[in-house]
Amino acid sequence: MRIVRHVDDAREGLRDARAGGRRIGLVPTMGAFHAGHLALIGAARASCDVVVVSLFVNPAQFTQPDDLARYPRDEAADARAAEAAGADLLFVPGADEMYPEGFDTWVEPGELGRLLEGEMRPGHFRGVATVCTKLFAIVQPDVAFFGRKDAQQVAVIRRVVADLNLPLEIVALPTVRDADGLALSSRNVFLSGEQRASALALPRALEAGHAAHRAGRDPVAAAREILDAEPGLEVDYVAVADFDGQTLAAAIRVGSTRLIDNARLE
Ligand code: AMP
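Residues numbered from 1 in each chain as written. Predicted model: local features only at pLDDT ≥ 70, side-chain atom pairs only at ≥ 80, totals over all residues. Heavy atoms only, no water.

A. Spotlight on helix α4 (residues 75-85). Residues Asp78, Ala79 and Ala82 constitute the buried set of α4. Down the axis, α4 shows its buried residues gathered within 100 degrees of arc, on one side only. Exposed and facing more than 90 degrees away from the buried side of α4 are Arg80 and Ala84. Against β1 (2-4), α2 (35-47), β3 (50-55) and β4 (89-91) lie the buried residues of α4. Positive phi appears at glycine 86, one or two residues downstream of α4, with a value of about 110 degrees. (Buried < 20%, exposed > 50% of the residue type's maximum accessible area, 1.4 Å probe, protein only. Helix = DSSP H or I, 4+ residues; strand = E, 2+ residues; numbered from the N terminus. Arc of directions from axis to C-beta. Contact = heavy atoms within 4.5 Å.)

B. Up close: empty space enclosed by the protein. If you walk through the whole model with that rule in mind, you get one cavity of 30 Å³ or more. Roughly 40 Å³ of volume is contained in the largest cavity. Lys149, Leu182, Ala183, Ser185, Asn188, Leu202, Leu259, Ile260 and Asp261 together form the lining of the largest cavity. With three residues, the top contributor of residues to the lining of the largest cavity is strand β9 (residues 257-264). Of the residues in the lining of the largest cavity, the class split is five nonpolar, two polar and two charged. (1 Å grid on protein atoms, 1.4 Å probe; cavity = no way out; pocket = protein on both sides within 12 Å on 5 of 7 lines; lining within 4 Å. Points joined across faces, edges and corners; volume = space filled by probe spheres on them. Nonpolar A, V, L, I, M, F, W, Y, C, P; charged D, E, K, R; others polar.)

See below:
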């Protein structure tokens, strides 16, 4: 696996593959890899000739300076894990490479980027849409892989790709969970044992919401009931939205850690 830090080197590293008509897959990430990331890389490996993984903690999508400052980073471990999962090229740009002096163009999602996560974190999806559009332009993949764990992100990216006529396919993969049901997230490392126990109300609530929906009842009310009963957590939102299909989405805060999760209702 090659590690490159500059846009020109990434392009150069992919020139022959592109000229040879080989299928290029991209997995955009912010690192601190867990089995969810590795599932995306594995899916890319299984269906592409060349697998590119980007590792960039994108300042533009963070809305709290503390969250950016404490975001877990371990490039050496990530490089080993990406290689073992089958990556051919690891693109690790610095912030200056992605947002050089004078950078002044943004991809601004519309309504889809303003609700739920977008409302809680204004500007978040503008950062996501911009960095993904840049990565698509740099790597020019045939296909890019995203996790349904971030269902609204998948919906926003699909919208961007459709609206800007970007020539790639978007593949969304199911959420990978720990044995106790908690969705894997780079931010889970911040949870104490007690906080993790509270956080487990999130997948439980989504399960209950899904069951309520199947039984013809209100999924939001069913999920809310479980989250409201759990001490030690604050609910940011519970709602049904059309994210790549009808989705029950929720965000909670446990101490200073914010977690999101969702369940597809169809
Ligand atoms: P991140 O590094 O958090 O930006 O995530 C990079 C990609 O991995 C995104 O497409 C996420 O949706 C995906 N991802 C994160 N957590 C999971 C998970 N538990 N299962 C599946 N995909 C995930």
